[in-house]
Amino acid sequence: MAWLNPRQLEAFRATMVAGTATDAAALMGVTQPAVSRMLRDLQDALGFRLFEKVGNKLVPTNEGLTLYSEVERSFVGLDRIARAAQEVKGRRAGVLRIAAMPALMNGFLPRFVGGFLAERPKIDLSLIGAGSHLVLEQVLSGECELGFAMGPLEHAGLIAQPMPVAQMVAVLPVGHRLTEKAVVHVSDLHGEDFIALDGGGRSRMRIDRLAELHNVRLVVRAETRLSGIVCGLVSSGLGTSLCDPFTAREFAGRGVVARPFEPAVDFEFAAVRSAQRQFPAVAKDLLEAFTAHTAAFVAAGEAAA
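Predicted model, so just to flag it, every value in this text is computed and none were measured. (Residues numbered from 1 in each chain as written. Predicted model: local features only at pLDDT ≥ 70, side-chain atom pairs only at ≥ 80, totals over all residues. Heavy atoms only, no water.)

(A) Representation of helix H8 (residues 202–213). The terminal C-alpha atoms of H8 lie 17 Å apart, and with 12 residues this matches the ideal 16 Å at 1.5 Å per residue to within 8%. Tucked into the core, H8 has its buried residues touching strand S5 (146–150), strand S10 (193–197), strand S11 (219–224), strand S12 (241–243), strand S13 (256–262) and strand S14 (266–267). Phi turns positive, to about 55 degrees, at Asn-215, one or two residues after H8. (Helix = DSSP H or I, 4+ residues; strand = E, 2+ residues; numbered from the N terminus. Expected span 1.5 Å × (residues − 1). Contact = heavy atoms within 4.5 Å.)

Written as structure tokens, this is what we have:
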């Protein structure tokens, strides 16, 4: 196969993003015929079709979608290099890249990081919300310097630091009978409509085991992987649930009442960084400060209980 022309790949990427050759041409600052010609030449070089014409839209083929995932990965890398060059030129200190599970990204972590960086005007931020397994991939690949994922964790390529252990809380719709209780016991949930975390996760397994031990029947009305959706469904009045205290805090005053829960169900997570790459000083400072911030949040919740 002949060497691929970078400009043709750029035309392909622009067309994938824009949907038409005309809009792709506008993105690239060239004419529509020029984009069409580059796409034809690229398809000839590859030996397969990248798009099918549907009306005035160019719909990617399966081969086109597969190629796009590789092309996009390459362009993301080039974009990062370009940003780094701009930072050097502008004498910026760099970009801090953090990936974290949704429970922290619902508000708790972004608020903290925003305040932390407000005192560091030369540091920019890339904050990525993702499931725990994707957080690990982001850190292992070098896409992020720091990650927060469900723990405990053990991985040869990662250094995992356990974070302060929080306790899951009962989340109830406003006006629910259990809001009158200072502490909700698992037995109180017997026969209650319940919003469950999707099966397979550590939290779901702990909750199911606890219900089994206490002969509690939960009437599962809905399942979801995300704690923010759990609280959204609870706020609608569909049912009760358990979730991490970080997400529950975000829904206080938004149709959800949180109560301490017994027996305690630990919510464990860890900070992760690469075992092969240097850990930036600013990331180290942030991790130390966020650990202290999380410890204070957990202690305040325990004191309130």
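(B) Fine view of the nonpolar core. Within the largest apolar cluster, 58 residues are counted, with the highest numbers of intra-cluster contacts made by Leu-104, Phe-148, Phe-261, Leu-286 and Phe-290. Sort the elements by how many residues they give to this core and helix H11 (residues 281–304) lands first, with 7 residues. Excluding residues within four positions of it along the chain, Leu-104 makes contact with Leu-109, Pro-110, Phe-148, Phe-246, Phe-269 and Phe-290. Counting 21 residues, the second largest nonpolar core, distinct from the first, contains Ala-24, Ala-25, Val-35 and Leu-50. (Core = buried A, V, L, I, M, F, W, Y, C linked by side-chain atoms within 4.5 Å. Buried < 20%, exposed > 50% of the residue type's maximum accessible area, 1.4 Å probe, protein only.)

(C) Just the pattern of salt bridges, in detail. Taken as a whole and assessed by the stated rule, the structure comprises 13 salt bridges. With a shortest N-O distance of 2.6 Å, Arg-206 and Glu-268 are connected by a salt bridge. With Arg-206 in helix H8 and Glu-268 in the loop between S14 and strand S15 (269–274), this pair connects stretches of sequence that are 62 residues apart. One salt-bridge network, in which partners are shared between bridges, spans Arg-204, Asp-208 and Glu-223. (Salt bridge = Lys/Arg side-chain N within 4 Å of Asp/Glu carboxyl O.)

(D) Layout of the pairing of S13. With 5 bridges connecting them, strand S8 (residues 169–173) and S13 associate as antiparallel partners. Across the sheet, Val-169 pairs through a bridge with Pro-260, a residue of S13. (Pairing = 2+ DSSP bridges.)

(E) Seen up close, the packing of aromatic side chains. Across all of its chains, the model carries 12 aromatic pairs by this definition. On the basis of an interplanar angle of 55 degrees and a centroid distance of 4.9 Å, the ring pair of Phe-108 and Phe-297 is categorised as tilted. Within this pair, whereas Phe-108 is found in helix H6 (residues 108–118), its partner Phe-297 is found in helix H11, the two being separated by 189 residues in sequence. Taken as a pair, Phe-108 and Phe-297 share a single burial class, namely buried. When the ring of Phe-148 is compared with that of Phe-290, the centres are 5.1 Å apart and the planes differ by 65 degrees; the resulting orientation is edge-to-face. Pair noted here: Phe-148 is in strand S5 and Phe-290 is in helix H11, with a separation of 142 residues, a long-range link. Its end group placed over the ring of Phe-251, Arg-254 keeps NZ or CZ at 4.2 Å from the ring centre. Above the face of the Phe-279 ring, Arg-273 is positioned so that its terminal group lies 4.7 Å from the ring centre. (Phe/Tyr/Trp six-rings, centres within 6.5 Å; stacked < 30°, edge-to-face > 60°. Lys NZ or Arg CZ within 6 Å of the ring centre and 35° of its normal.)

(F) Focus on the sheet that holds strand S6 (residues 158–162). Strand order in the open sheet formed by 5 strands is S4-S3-S5-S15-S6, with mixed pairing between adjacent strands. Each edge of the open sheet is held by one strand with a lone partner, namely strand S4 (123–129) and S6. Averaged over all neighbouring strand pairs, the angle between strand axes comes to 20 degrees, with direction disregarded. Sheet topology places strand S3 (residues 94–100) next to S4; 7 bridges connect them, and they run parallel. In the strand pairing of S4, Ala-99 is matched with Ile-128. Against the sheet, helix H7 (residues 132–140) makes contact with S3, S4, S5, S6 and S15, and its axis sits at roughly 155 degrees relative to S5, the strand it touches most. (Axes fitted to C-alpha atoms, helices over the stretch in contact; angles between N-to-C directions.)

(G) View of the state of the cysteines. What the rule picks out here adds up to 0 disulfides. The thiol sulfur of Cys-243 is not disulfide-bonded, and the nearest other cysteine sulfur, from Cys-231, lies at 3.6 Å. Under the relative-accessibility criterion, Cys-243 is labelled buried at 1%. (Disulfide = S-S within 2.5 Å.)

(H) Representation of unusual backbone geometry in the model. In this model, Glu-262 is joined to Pro-263 through a cis peptide bond whose omega is -10 degrees. If you trace the backbone, Pro-263 turns up in the loop between S13 and S14. Its identity as a non-glycine residue notwithstanding, Asn-215 has a phi of 55 degrees, on the positive side. Along the chain, Asn-215 turns up in the loop between H8 and S11.

(I) Up close: the side chain of Ser-132. Looking at the secondary structure, you find Ser-132 in helix H7. Of note is the side chain of Ser-132, whose polar atom sits 2.9 Å from the backbone nitrogen of Met-150. When sequence neighbours within four positions are dropped, the list of residues in contact with Ser-132 reads Met-101, Ala-149 and Met-150. (Polar contact = N/O pair within 3.5 Å; in protein donor to acceptor, adjacent residues only side chain to side chain.)

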